[in-house]
Amino acid sequence: MGELKETPLTGLHRELGAKMTGFAGYDMPLQFSLGVMKEHLHTRAKAGLFDVSHMGQVIVRHPAGYGGAAQAMEGLVPVDLLGLGEKRQRYGFFTNEQGGILDDLMLTNRGDHLLVVVNAACKGADIAHMKAGLPDCEVVAVTDRALLALQGPAAVEALAPIAGGCEIMKFLDTGIFTSDFGELWVSRSGYTGEDGYEISVPDDQAEALARALLSHDAVEPIGLGARDSLRLEAGLCLYGQDIDVATTPVEAGLTWAIQKSRRADGKRAGGFPGAEIILDQIENGVARCRVGLRPETRAPMRQSTLIYGSEDADEPIGQITSGAFGPSIEAPMSMGYVAASHSSPETMLFGEVRGKRLPVSVAPLPFIRANFKR
């Protein structure tokens, strides 16, 4: 494994009594004094501050400006970037020639260049992938900025005094703000299903910004444990568990992120790795698909649990990829892949837990309604 890397907030996490754990090569807070359950519920009710500095921030420039960078990047992602407005952000993913997902990411039109935020475990491979696939672009990893996520209904009142104007932003708007903590790159986005922001801040100002946000009565520090249950309630995928190179965007239920212009008969149809497979699946369907699952027991059914179509079936028809207890829904919840023939909501299936077949029903995703600022 090697020595774990630290973020600019590691010292603050320890000062606040965090229980630390290794994640994607970094020493990260698993939970703070509130504990996972209360951290989760606090984020839904007020606001939680997350350290996501382990993720990769990458700038992509082209001699022709944003249009050149966007056109080049469309060769790697099935996303409409040429149609993305300035100061707007869009979800996307790198795909391979088999249609599998190499990583999921956020892409921002920064006026004269593209800003890409990638997952921590994939950032080295992603940067190499972009450098190889975008020969006419300058691909630069941002190594001197931390990344914070402020999530929950009180996020706006906590951030507005620091980044005046952030309150008028809508979901997936971005902006650059002058502040007492240096230049802040802010997007109204996050991965909890709640309203909130992701804030890129200079490394040497990250702790001061975090302390300022935590001084607000509504804000508490939140660890990876609650981050996982929040995103699972929101029906959001975790790369490496719910999506990977063995899953296509269509199987994963991410077809909504492939805009019309990149689909068959679109203005710029295809042109990305695995396009033939992915576009065929959009047209003709898939053999398996990602679904929500609600165990009929109090205990969660977790990752790798095999799913069967009946209590005495010989062969599994699917497998759980993520599972946890949902504090907001007060029930266990899971996500996974099942045969398309068994994917309709309320279909009764069985998960094998410690040699026993236990009932679990297919449920719509997300488990809770999103509260994004539209």
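A brief structural summary. As the structure is a computational prediction, the values presented were derived from the model and not from experiment.

**Observations concerning empty space enclosed by the protein**
Here's step 1: Summed over all chains, the structure comprises three cavities of 30 Å³ or more.
Here's step 2: By volume, the largest cavity amounts to about 70 Å³.
Here's step 3: In terms of lining residues, the largest cavity is bounded by 13 residues, among which L9, H13, F32, L49 and P221 are the most central.
Here's step 4: If you list the elements that add at least two residues to the lining of the largest cavity, you get α1 (10-15), β3 (47-51) and α6 (203-214).
Here's step 5: Considering each element in turn, the lining of the largest cavity owes the most residues, three residues, to β3.
Here's step 6: Among the residues forming the lining of the largest cavity, the class breakdown is eleven nonpolar, one polar and one charged.

**Comments concerning the sheet that holds strand β5 (residues 89-95)**
Here's step 1: Spatial ordering of the open sheet is given by β5-β6-β7-β4-β8, a layout of five strands whose pairing is antiparallel. Unpaired on one side and paired on the other, β5 and β8 (138-142) mark the two borders of the sheet. Taken over all neighbouring pairs, the strand axes of this sheet differ in orientation by 30° on average, direction set aside.
Here's step 2: Relative to β8, strand β4 (residues 56-61) runs antiparallel, the two sharing five bridges. When the sheet's bridge partners are listed, R61 is paired in β8 with E138.

**Some thoughts on the pairing of strand β9 (residues 145-151)**
Here's step 1: Counting buried positions over the seven residues of β9 gives seven, a clear majority of the element.
Here's step 2: One ladder, built from four bridges, connects β3 with β9; its direction is antiparallel. When the sheet's bridge partners are listed, F50 is paired in β9 with A149.
Here's step 3: In this sheet, strand β12 (residues 196-202) lies alongside β9 in antiparallel orientation, the contact comprising seven bridges.

**Section: the packing of helix α2 (residues 36-45) against helix α7 (residues 224-233)**
What describes two packed helices is the angle between their axes and the distance between those same axes.
Here's step 1: At a closest axis distance of 8 Å, the pairing of α2 and α7 adopts a crossing angle of 55°. Between α2 and α7, the interaxial angle falls into the category oblique. Here α2 and α7 pass one another in a crossing that is right-handed. Together, V36, E39, H40, T43 and R44 of α2 and G225, A226, S229, L230 and E233 of α7 make up the contact between the two elements.
Here's step 2: Residues belonging to the contact of α2 with α7 are distributed by class as follows: three nonpolar, four polar and three charged.

Cut-offs and rules
- Residues numbered from 1 in each chain as written.
- Predicted model: local features only at pLDDT ≥ 70, side-chain atom pairs only at ≥ 80, totals over all residues.
- Heavy atoms only, no water.
- 1 Å grid on protein atoms, 1.4 Å probe; cavity = no way out; pocket = protein on both sides within 12 Å on 5 of 7 lines; lining within 4 Å.
- Points joined across faces, edges and corners; volume = space filled by probe spheres on them.
- Helix = DSSP H or I, 4+ residues; strand = E, 2+ residues; numbered from the N terminus.
- Nonpolar A, V, L, I, M, F, W, Y, C, P; charged D, E, K, R; others polar.
- Pairing = 2+ DSSP bridges.
- Axes fitted to C-alpha atoms, helices over the stretch in contact; angles between N-to-C directions.
- Buried < 20%, exposed > 50% of the residue type's maximum accessible area, 1.4 Å probe, protein only.
- Parallel < 35°, antiparallel > 145°, perpendicular 65-115°, else oblique.
- Left-handed = near helix turned anticlockwise from the far one by under 90°.
- Contact = heavy atoms within 4.5 Å.

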